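Below are the chains, spelled out letter by letter.
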Amino acid sequence: MQTFLQQRLAQREQAHLYRRRLVHAGVQSPLLTIEGRTYLAFCSNDYLGLASHPDLIRCLQQAANQYAVGAGASHLINGHTQAHHALEEELAAFTGRERALLFSTGYMANMGTVTALVERQDAIFADKLNHASLVDAAQLSRAHHHRYAHNDMSMLARLLSQTMTRHQLIVTDGVFSMDGDLADLPQIVALAKQHQAWVMVDDAHGFGVLGTTGGGTVAHYQLSATDVPILMGTLGKAFGVTGAFVAGSALLIENLIQYARSYIYTTALPPALAETLRTSLKLVQAGSEQREKLQALIQQFRRGATQLGLPLLPSMTPIQGILLGEAEKALQLSQALYQQGILVTAIRPPTVPPHTARLRITFSALHTPEQVDKLLLALAQHY
Ligand code: PMP
């Protein structure tokens, strides 16, 4: 066993694919302290800057006084408090759906939902660039798993018309996590209607960020609850806390409560966090200014990067990729920036397809235009 484990690590290292964790000192923000040095960071999913928002800190402190720390049980035993319940009702109202169900993480929401809805005699149609949790969920469900090329709607149409299973589930990221572009939801919805397929959108990176009040990718395209009957959103990114939810019809949610194993067999989120998330939701809804600021930073970056001739991936979201190809190249550029005090992650296979290693830059409403200029200047020096 020893030799096997050592060899695997050596292989990763040789291929420039070894992953290392950075230990930073504390609060998630554009400025991070690592081993006593301050770095300007462009890597978090804290898109609206809520992870360190004073209202949320205060709310968590007060909620801890009321609810103490742990939920102490799963939702179906006696871990489901009025804080969880109220949050679910508010998320349902916000997303314009009958009900919502809280999960402890987005990974678990995807896992539980997909496996509760489809099985061996069904088929899943999934974008090739969907998040790993959706890939794992599809495999665990044992349904036929058809993956179409990224946003290739004619391939999806072809696959749908060739498949004769009991049920068809189309599942896609709303905003693709490593590229930052949007799924072609209007087209997906049209195809789903044509083929009587179900649609599930994982809006981990769109929820809170897109749409005038942060309703996400579905709101951005002005689609309805009938168009996208299964909506998943996460609460650890724009919402600044942790957790996730699925929103849909009462019938869907009741099915998930009965059949989603990653919902049933796990401890509920700490109720104080659920209570804090209620305040997050209010801040998100009232966060137009942050969303506009974020858009301005994104536009500033894209203008500057285009002038520098950087190979930018197409994206209007806070996730901005610079495509570099081989892992070694992405790692070198990331390290050069690090030496200069700028933190940008190199994303390499297997997180992205072979030969598409990249720098993944993410923006937060807490960044300043000066910090974006600093990043552009460093990219100009080292690219
Ligand atoms: N879906 C997508 C598209 C994601 O990017 C992520 C997080 N990286 C998840 C799901 C999982 O969410 P969580 O971090 O809450 O488990």
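Residues numbered from 1 in each chain as written. Predicted model: local features only at pLDDT ≥ 70, side-chain atom pairs only at ≥ 80, totals over all residues. Heavy atoms only, no water.

S.K.: Honestly, the packing of helix α14 (residues 327-339) against helix α15 (residues 369-382) in this entry has me stumped. Any pointers?
M.R.: Between two packed helices, what matters for the description is the angle formed by their axes and the separation of those axes. At their nearest, the axes of α14 and α15 sit 10 Å apart, and the two run at 125° to each other. Taken together, the axes of α14 and α15 are oblique relative to one another. For the crossing formed where α14 meets α15, the hand is right-handed. Packed against α14, whose contacting residues are Leu 333, Ala 336 and Leu 337, the element α15 presents Ala 378, Leu 379 and His 382 at the interface. Looking at the contact of α14 with α15 residue by residue, the class counts come to five nonpolar, one polar and no charged. (Axes fitted to C-alpha atoms, helices over the stretch in contact; angles between N-to-C directions. Helix = DSSP H or I, 4+ residues; strand = E, 2+ residues; numbered from the N terminus. Parallel < 35°, antiparallel > 145°, perpendicular 65-115°, else oblique. Left-handed = near helix turned anticlockwise from the far one by under 90°. Contact = heavy atoms within 4.5 Å. Nonpolar A, V, L, I, M, F, W, Y, C, P; charged D, E, K, R; others polar.)

S.K.: Looking at this structure, how should I read the packing of aromatic side chains?
M.R.: By convention here, two paired aromatic rings are described through the distance between centres and the angle between planes. The final tally for this structure, using the stated rule, is seven aromatic pairs. Ring geometry for Phe 103 against Tyr 263: centres 5.5 Å apart, planes inclined by 65°, an arrangement best described as edge-to-face. Of the two residues, Phe 103 is situated in strand β3 (residues 99-103) and Tyr 263 in helix α11 (residues 261-264); the sequence distance between them amounts to 160 residues. Judged by relative accessible area, Phe 103 falls into the buried class, the value being 2%. Put simply, the rings of Phe 94, Phe 207, Phe 239 and Phe 245 touch in pairs and so form one group of aromatic residues. (Phe/Tyr/Trp six-rings, centres within 6.5 Å; stacked < 30°, edge-to-face > 60°. Buried < 20%, exposed > 50% of the residue type's maximum accessible area, 1.4 Å probe, protein only.)

S.K.: How should the UniProt feature "domain: Aminotransferase class I/classII large" (unreviewed entry) in the protein chain be read in this particular structure?
M.R.: Those places that UniProt annotates as "domain: Aminotransferase class I/classII large" (unreviewed entry) correspond, in this numbering, to residues 39-378. Within the segment residues 39-378, helix and strand shares are 45% and 17% respectively, and the terminal C-alpha atoms sit 13 Å apart. (UniProt positions renumbered as here; feature names shortened; annotations may be inferred.)

S.K.: Any chance you could explain a nonpolar patch on the surface here in plain terms?
M.R.: Residues Met 1, Phe 4 and Leu 5 make up a contiguous nonpolar surface patch of about 350 Å² in total accessible area. Mapping Met 1 onto the fold places it in the segment before α1 (2-14). Among the residues examined, Met 1 registers a relative accessible area of 76% and is labelled exposed. (Patch = residues over 30% accessible without salt bridge, like charges linked within 9 Å, V, L, I, M, F, W, Y side chains within 5 Å. Areas by Shrake-Rupley, 256 points an atom, 1.4 Å probe, with all protein chains shown as cover. Salt bridge = Lys/Arg side-chain N within 4 Å of Asp/Glu carboxyl O.)

S.K.: I'm lost on the side chain of Gln 320 in this one. Help?
M.R.: Tracing the sequence through the fold places Gln 320 in strand β10 (residues 319-325). A polar contact is formed between the side chain of Gln 320 and the backbone oxygen of Ser 315, at a distance of 3.1 Å. (Polar contact = N/O pair within 3.5 Å; in protein donor to acceptor, adjacent residues only side chain to side chain.)

S.K.: Mind showing me how you'd approach the pairing of strand β7 (residues 198-202) here?
M.R.: Each regular strand carries side chains that alternate between the two faces of the sheet. Among the five residues of β7, four are classified as buried, and the element is accordingly described as predominantly covered. As paired strands, strand β6 (residues 168-173) and β7 are joined by five bridges and run parallel to one another. Bridging across to β7, Val 171 finds its partner in Met 200. Across three bridges, the pairing between β7 and strand β8 (residues 230-234) is parallel. Looking at β8, one finds that Met 200 is bridged to Ile 230. (Pairing = 2+ DSSP bridges.)

S.K.: What should I look at first to understand the pairing of strand β5 (residues 144-148) in this one?
M.R.: Sheet analysis places strand β4 (residues 123-127) next to β5, joined by five bridges and oriented parallel. Bridging across to β5, Asp 127 finds its partner in Tyr 148. This β-α-β element, β4 to helix α6 (residues 132-141) to β5, shows right-handed connectivity. (Right-handed = clockwise from strand over helix to strand, strands pointing away.)

S.K.: Looking at this structure, I do not really get the site of the ligand. What am I missing?
M.R.: Surveying the vicinity of the ligand reveals 13 residues, the closest of which are Gly 106, Tyr 107, Asp 202, His 205 and Lys 237. Backbone polar atom of Gly 106 to an oxygen atom of the ligand: 2.7 Å apart, as the coordinates give it. One of the side-chain N or O atoms of His 131 is found 3.4 Å from a nitrogen atom in the ligand. Surface burial for the ligand is 79%, taken as the share of its 390 Å² of free accessible area covered by protein chains. With three residues, the top contributor of residues to the shell around the ligand is helix α5 (residues 106-117). Classifying every residue of the shell around the ligand gives two nonpolar, eight polar and three charged. (Near = heavy atom within 4 Å.)

S.K.: Would you mind showing me how to read the environment of Thr 105 here?
M.R.: Tracing the chain through its elements places Thr 105 in the loop between β3 and α5. Here Thr 105 falls in the partly exposed class, since its relative accessible area comes to 30%. If sequence neighbours within four positions are ignored, Thr 105 has contacts with Gly 243 and Ala 244. Looking at Thr 105, its side chain comes within polar contact range of the main-chain nitrogen of Tyr 107, at 3.4 Å.

S.K.: Just to check I follow, could you spell out the UniProt feature "binding site: substrate" (unreviewed entry) in the protein chain for this structure?
M.R.: The feature "binding site: substrate" (unreviewed entry), as given by UniProt, occupies Arg 19, His 131 and Thr 351 in the numbering adopted here. Position of Arg 19 among the secondary structure elements: in the loop between α1 and β1 (31-34). On the accessibility criterion, Arg 19 (43% relative accessible area) is partly exposed. Mapping His 131 onto the fold places it in the loop between β4 and α6. Its relative accessible area of 32% is what places His 131 among the partly exposed residues. Among all residues touching His 131, those that are not within four sequence positions of it are Asp 173, Ser 177 and Asp 202.

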